[in-house]
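What follows is the residue order along each chain.
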Amino acid sequence: MMLSNTDLTCSVIIPVHNGGPYFRTCLSKLAEALPQATEIIVVADGDTDGSWRLAKDYGAKVIRIPESGGPARARNLGARAAQGDILFFVDADVAVCPEAIGYVLNIFQENPYLAAMIGSYDDAPGSPNFLSQYRNLLHHYVHQTGSEEAFTFWGACGGIRREIFLAVGGFDESYRRPSIEDIELGYRLKAAGYRIRLCKTLQVKHLKYWDAVSLLRADFFYRALPWTELILQNGKLTNDLNLQVSSRLSAMLAYGMLGCLAMTWLWSGFLAIAVVCALSLFTINSGLYRFLARKQGIWFAIKSIPWHWLYYLYSGLAFAIGTVRHLSQKQGWLKASCATLVQ
């Protein structure tokens, strides 16, 4: 039976560790949303800065965890306490637009067979420094050029029917840090036959400040490595978002360019091959660079290119390391199985 928009209810769930001023902005923007959510549930994940008190000041329901266990566990606790038909997960460093709640409700109303939906970062990131602008604009571009029939979930701005979320077991709590717990949930949803939609018009502002250390650490250790493990476990490499064929080819070209530059002392012709790799890499990603130039100017786009090529290098390295790990673990399992059979 199709429900009317007024029949559907929405619970917003926000995990927060030490939210700081970003969290205040997050709550204030949710307070401006029309229509309002049925409830806002904040799960204070071992916070020490009084984020839970701020949440209470804004009228949110607060669940406090004495020691941090990661956003996966926090979101699951919030989901189990929620009363809404739709669970709308929002990160503590995200500011929603005033129409966000109504948009989420309308999407599920108009698509009764849709299990989940995700949005996108907008094209005006909150932090003004170069790396924050670059990182969030890259995320925006990848989502805006991705397929609307999504293969993954996104915890920063994602809605899901509560009964389906609980039926599949929620987020995997073995992820103890902000990682790929949302991607892993999306894989399970798709494996169970559920539909996820990327709704490109639902955009939220990311307020987070990125510097070189936090960006590289998060991308390499908390995303690329565990995502590689997830891909190899599932045996599926989807041609979408960060896993597009063009991205895989770009990683190979980046390594080809680097390898040829390192070999120029053996033969000068390697320099020409490196130039060809660089030009090919630039051409494949020219759409992104044009987008960055439109948003922030040509000089910004030029400065972004080394960081983008570095992204392909460390992503490729993470995939190689993850593959070796996976094969080693598989070989160890085979050896143990053979030893058991012999006995």
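Keep in mind the model is a prediction, meaning the values are calculated, not measured.

Q: Requested: an account of the overall build of the chain, with residues and values cited.
A: The secondary structure content of the chain amounts to 12 helices and 9 strands. Taking 343 residues into account, the globule formula puts the C-alpha radius of gyration at 20 Å, and the chain, at 22 Å, falls close to it. Along the first, second and third principal axes, the C-alpha atoms of the chain reach 70 × 70 × 45 Å. The buried share among the 343 residues of the chain stands at 50%. Entry remark: accessible area of the chain is about 16500 Å², with carbon and sulfur atoms responsible for 60%.

Q: Got a sec to walk through unusual backbone geometry? Specific residues and values, please.
A: With an omega of 0 degrees, the peptide bond between Leu34 and Pro35 qualifies as cis. With respect to the helices, strands and loops of the structure, Pro35 is situated in the loop between helix H1 (20–31) and strand S2 (39–45).

Q: Please give an account of the pairing of S2 that cites residues and values.
A: The element S2 is largely enclosed, with a buried count of 7 among its 7 residues. What you see with S2 is no split at all: Glu39, Ile41, Val43 and Asp45 on one side and Ile40, Val42 and Ala44 on the other are buried throughout. With 6 bridges connecting them, strand S1 (residues 10–16) and S2 associate as parallel partners. Paired with Pro15 across the two strands is Val43, which belongs to S2. Of the crossover connections in this fold, the one passing from S1 over H1 to the parallel S2 is right-handed. As judged from the 5 bridges shared by S2 and strand S3 (residues 61–65), these two strands associate in the parallel manner. In the strand pairing of S3, Val43 is matched with Ile63. For the crossover that starts at S2, traverses helix H2 (residues 51–57) and ends in the parallel S3, the hand is right-handed.

Q: Give me the lowdown on the environment of Gly126, citing residues and values where you can.
A: With respect to the helices and strands, the residue Gly126 is situated in the loop between strand S6 (116–121) and helix H5 (130–144). According to the relative accessible area criterion, Gly126 is partly exposed, its value standing at 39%. Through-space distance from the C-alpha of Gly126 to that of Trp154 is 19 Å; in sequence the pair is 28 residues apart. Not counting residues within four places of it along the chain, the set of residues in contact with Gly126 comprises Lys205, His206 and Leu207.

Q: Account for a nonpolar patch on the surface, with residues named and values stated.
A: A surface patch of nonpolar side chains, about 570 Å² in accessible area, is lined by Met263, Trp265, Leu266, Trp267 and Ile273. Summarising the element assignment, Ile273 is placed in helix H10 (residues 269–284).

Q: Give me the lowdown on the side chain of His308, citing residues and values where you can.
A: Position of His308 among the secondary structure elements: in helix H12 (residues 298–342). At 2.8 Å, the side chain of His308 and the side chain of Tyr289 are in polar contact. In this view, His308 contacts Tyr134, Leu138, Asn285, Leu288 and Tyr289; residues no more than four positions away in its chain are not counted.

What counts and what doesn't
Residues numbered from 1 in each chain as written. Predicted model: local features only at pLDDT ≥ 70, side-chain atom pairs only at ≥ 80, totals over all residues. Heavy atoms only, no water. Helix = DSSP H or I, 4+ residues; strand = E, 2+ residues; numbered from the N terminus. Rg over C-alpha atoms; globule rule 2.2 N^0.38 Å. Buried < 20%, exposed > 50% of the residue type's maximum accessible area, 1.4 Å probe, protein only. Areas by Shrake-Rupley, 256 points an atom, 1.4 Å probe, with all protein chains shown as cover. Pairing = 2+ DSSP bridges. Right-handed = clockwise from strand over helix to strand, strands pointing away. Contact = heavy atoms within 4.5 Å. Patch = residues over 30% accessible without salt bridge, like charges linked within 9 Å, V, L, I, M, F, W, Y side chains within 5 Å. Salt bridge = Lys/Arg side-chain N within 4 Å of Asp/Glu carboxyl O. Polar contact = N/O pair within 3.5 Å; in protein donor to acceptor, adjacent residues only side chain to side chain.

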